[in-house]
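One letter stands for each residue in the lines below.
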Amino acid sequence: MYRRLKKVFSCLLVVALLITTMAPLAEARSFFTARRTFGVIFLGGSVFMAKKAIDFRRDANTIYESYKTATIPQDADQLFDRSTDRDTKSQMAAGISAVLLISGLRLLLFSGVDDNIPRMDRKIDVNLTSDVQRRSLGITLKKKF
């Protein structure tokens with residue numbers, strides 16, 4: 001099962017890299033945009049977390065086999081707790097891996113969708129007025145929409 005999962009992740013990574021490298025060649029633009037860079041980083045993090053999930057699962061299974069053969073109740077409780085802990089870590093790592101995989105693919109596949117969005121004018125005008133006789137200070141904020 002480990003080899004099959006390793007092949008699946010390797011194929012997904014190769015397909016994602018092939019898809020993203022074909023578009024810049026046709027457009028003659030730089031490949032390393034912020035979205036694509038983070039997409040590749042997320043895919044690498046996904047592969048790393050998938051590997052950790054597999055390792056934690058393997059450790060949990062090994063510890064659980066030791067738990068089944070334990071004769072001392074205190075050792076059995078300790079081994080069961082360790083097995084449960086590793087199993088929980090495996091599930092969390094698999095979930096994080098899935099989130100990173102989806103985010104990375106989304107960033108890579110849709111990296112050029114919103115490149116030409118015009119920037120908003122975020123300028124805010126602040127007017128201060130004061131009157132010494134009245135002892136007052138006025139502040140006016142103006143924003144164009």
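Summing up its helical and strand segments, the protein has 3 helices and 2 strands in all. Walking the protein from its N terminus toward its C terminus, one meets helices and strands in the order α-α-α-β-β. Going through the 145 residues of the protein one by one, you find that 19% of them count as buried. When contacts within the protein are restricted to residue pairs at least 6 apart in sequence, those whose partners lie at least 24 apart make up 55%. Element-wise, carbon and sulfur atoms account for 62% of the exposed surface of the protein, whose accessible area totals about 11,500 Å².

Turning our eyes to something else, we now look at the packing of aromatic side chains. Tallied over the full model, the rule gives 3 aromatic pairs. Relative to Tyr67, the ring of Tyr64 lies with its centre 5.5 Å away and its plane at 35 degrees, an arrangement referred to as tilted. Separated by 3 residues within a single helix, Tyr64 and Tyr67 lie in helix α2 (residues 34-69), roughly one turn from each other. The class for Tyr67 is partly exposed, based on a relative accessible area of 27%. Measuring from centroid to centroid gives 5.2 Å for Tyr67 and Phe80, while their planes differ by 50 degrees, and the two rings are tilted.

We now examine the pairing of strand β2 (residues 136-143). Examined bridge by bridge, strand β1 (residues 124-131) and β2 share 8 bridges and lie antiparallel to one another. Residue Asp131 lies in a different strand from β2, and its bridge partner there is Ser136. Hairpin geometry of β1 and β2 is characterised by an intervening segment of 4 residues between the two adjacent antiparallel strands and by a positive phi of about 60 degrees at Arg135.

A rise of 1.5 Å per residue sets the reference length of helix α3 (residues 73-109), with its 37 residues, at 54 Å; its end C-alpha atoms lie 54 Å apart and thus fit the reference within 8%. Burial in α3 covers these residues: Ala76, Leu79, Ser83, Ser90, Ala93, Ser97, Leu101, Gly104, Leu107 and Leu108.

Attention now moves to the packing of α2 against α3. Two quantities define a packed helix pair, namely the angle between the axes and the distance from one axis to the other. Contact geometry of α2 with α3 gives a least axis separation of 7 Å together with a crossing angle of 160 degrees. Taken together, the axis directions place α2 and α3 in an arrangement best described as roughly antiparallel. Remark: the crossing between α2 and α3 carries left-handed chirality. Its residues assigned to classes, the contact of α2 with α3 shows 23 nonpolar, 9 polar and 9 charged.

Next up on the list: the pattern of salt bridges. If you walk through the whole model with that rule in mind, you get 7 salt bridges. With a closest N to O distance of 3.4 Å, Arg58 and Asp55 form a salt bridge. Note that Arg58 and Asp55 are positioned in helix α2 at a spacing of 3 residues, about one turn of the helix. One connected set of salt bridges, linked through shared partners, spans Lys51, Asp55 and Arg58.

This brings us to the environment of Leu79. Positionally, Leu79 belongs in helix α3. Between the alpha carbons of Leu79 and Tyr64 there is a distance of 6.9 Å; along the sequence they are 15 residues apart. With near-sequence residues (within four places) excluded, Leu79 lies in contact with Ile63, Ser66, Tyr67 and Ala70.

Reading the values: rules and limits
- Residues numbered from 1 in each chain as written.
- Predicted model: local features only at pLDDT ≥ 70, side-chain atom pairs only at ≥ 80, totals over all residues.
- Heavy atoms only, no water.
- Helix = DSSP H or I, 4+ residues; strand = E, 2+ residues; numbered from the N terminus.
- Buried < 20%, exposed > 50% of the residue type's maximum accessible area, 1.4 Å probe, protein only.
- Contact = heavy atoms within 4.5 Å.
- Areas by Shrake-Rupley, 256 points an atom, 1.4 Å probe, with all protein chains shown as cover.
- Phe/Tyr/Trp six-rings, centres within 6.5 Å; stacked < 30°, edge-to-face > 60°.
- Pairing = 2+ DSSP bridges.
- Expected span 1.5 Å × (residues − 1).
- Axes fitted to C-alpha atoms, helices over the stretch in contact; angles between N-to-C directions.
- Parallel < 35°, antiparallel > 145°, perpendicular 65-115°, else oblique.
- Left-handed = near helix turned anticlockwise from the far one by under 90°.
- Nonpolar A, V, L, I, M, F, W, Y, C, P; charged D, E, K, R; others polar.
- Salt bridge = Lys/Arg side-chain N within 4 Å of Asp/Glu carboxyl O.

Function cannot be read off these values alone, since they describe shape.
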